[in-house]
Amino acid sequence: MNNLLDYDDLKATLHVLNTDDTISSAHGILCGFACVKPELTLDDWLNEVLVSIDLNNLNEKSAHEALAQIFNGTLSQLNDATLDFQLLMADEDARLGEQANTLIEWCQGYLVGLGLQKISTTDEDALEMIKDISEISNLDADVVDSEQNAQDLFEIIEFVRMGVLLIQETLQPSKQDYISPETLH
């Protein structure tokens, strides 16, 4: 995702719109919502993260276009067979504390997105992953810059990334992997 648009640019872009969400939180909401709503539209997501938007205002129209790029890129990544999904958060050039904070914001947004629809699964792995993401969303972002902390944060980010793909696949199994029972006979 970070290769589509720069995190700092997106942070500034969202700031011009009427929202209380950060770009990481808004992306988390999108990802959670995409996991529970199969036919998610751009308007569904924007109605959750924006109070209003004036497309006659050039700054807001430009921000809307950037959000549409995020929306399309994210849905594409979530359905990518190569698992090329990325969380939209501060990159490795940012202070470790900022990276941790944006991960926490992302996880909080993801949980909000999941909660926008009723989750119907008894899959213990998916439910455990949701619980783990909830615990990560409550972590302390006050992290000292160190090589060990950077490695630990990288592992947590990777854990969340793969967990989201597991949850998404559990709640919306990909059609490409489906084999009809009639095919087996």
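The structure this text deals with has already been given above.
Criteria and cut-off values
Residues numbered from 1 in each chain as written. Predicted model: local features only at pLDDT ≥ 70, side-chain atom pairs only at ≥ 80, totals over all residues. Heavy atoms only, no water. Helix = DSSP H or I, 4+ residues; strand = E, 2+ residues; numbered from the N terminus. Buried < 20%, exposed > 50% of the residue type's maximum accessible area, 1.4 Å probe, protein only. Areas by Shrake-Rupley, 256 points an atom, 1.4 Å probe, with all protein chains shown as cover. Axes fitted to C-alpha atoms, helices over the stretch in contact; angles between N-to-C directions. Parallel < 35°, antiparallel > 145°, perpendicular 65-115°, else oblique. Left-handed = near helix turned anticlockwise from the far one by under 90°. Contact = heavy atoms within 4.5 Å. Phe/Tyr/Trp six-rings, centres within 6.5 Å; stacked < 30°, edge-to-face > 60°. Expected span 1.5 Å × (residues − 1).

1. Focus on the overall build of the protein chain
On a plain count of helices and strands, the protein chain comes out with eight helices and zero strands. When the helices and strands of the protein chain are placed in sequence order, the string is α-α-α-α-α-α-α-α. A buried classification covers 43% of the 185 residues belonging to the protein chain. When the accessible surface of the protein chain is totalled, it reaches about 10400 Å², and 48% of it is carbon and sulfur.

2. Remarks on the packing of helix α3 (residues 42–49) against helix α4 (residues 58–78)
α4 packs onto α3 with a crossing angle of 120 degrees between their chain directions and a minimal axis gap of 11 Å. Between α3 and α4, the crossing angle belongs to the class labelled oblique. In this structure, α3 meets α4 at a crossing whose hand is right-handed. Where α3 approaches α4, its residues Leu42, Trp45 and Leu46 are matched on the opposing element by His64, Leu67, Ala68, Ile70 and Phe71.

3. Some remarks on the packing of aromatic side chains
Considering all chains together, one arrives at three aromatic pairs under this definition. Taking the centre distance of 6.3 Å and the plane angle of 20 degrees together, the rings of Trp45 and Phe71 count as stacked. Of this pair, Trp45 sits in helix α3 while Phe71 sits in helix α4, and the two are 26 residues apart along the sequence. Relative accessible area serves as the criterion here: at 0%, Trp45 is assigned to the buried category.

4. Some words on α4
With 21 residues, α4 extends 30 Å between its outermost C-alpha atoms, agreeing within 8% with the 30 Å of an ideal straight helix rising 1.5 Å per residue. Among the residues making up α4, those that are buried are Glu60, Ala63, His64, Ala66, Leu67, Ala68, Ile70, Phe71, Gly73, Thr74, Gln77 and Leu78. For α4, the secondary structure elements touched by its buried residues are α1 (7–15), α2 (23–36), α3 and α7 (147–171).

5. Regarding the side chain of Thr102
Mapped onto the secondary structure, Thr102 falls in helix α5 (residues 96–115). For Thr102, a relative accessible area of 2% corresponds to the buried category. Apart from residues lying up to four places away in sequence, Thr102 is in contact with Tyr7, Ser24, Met89 and Ala90.

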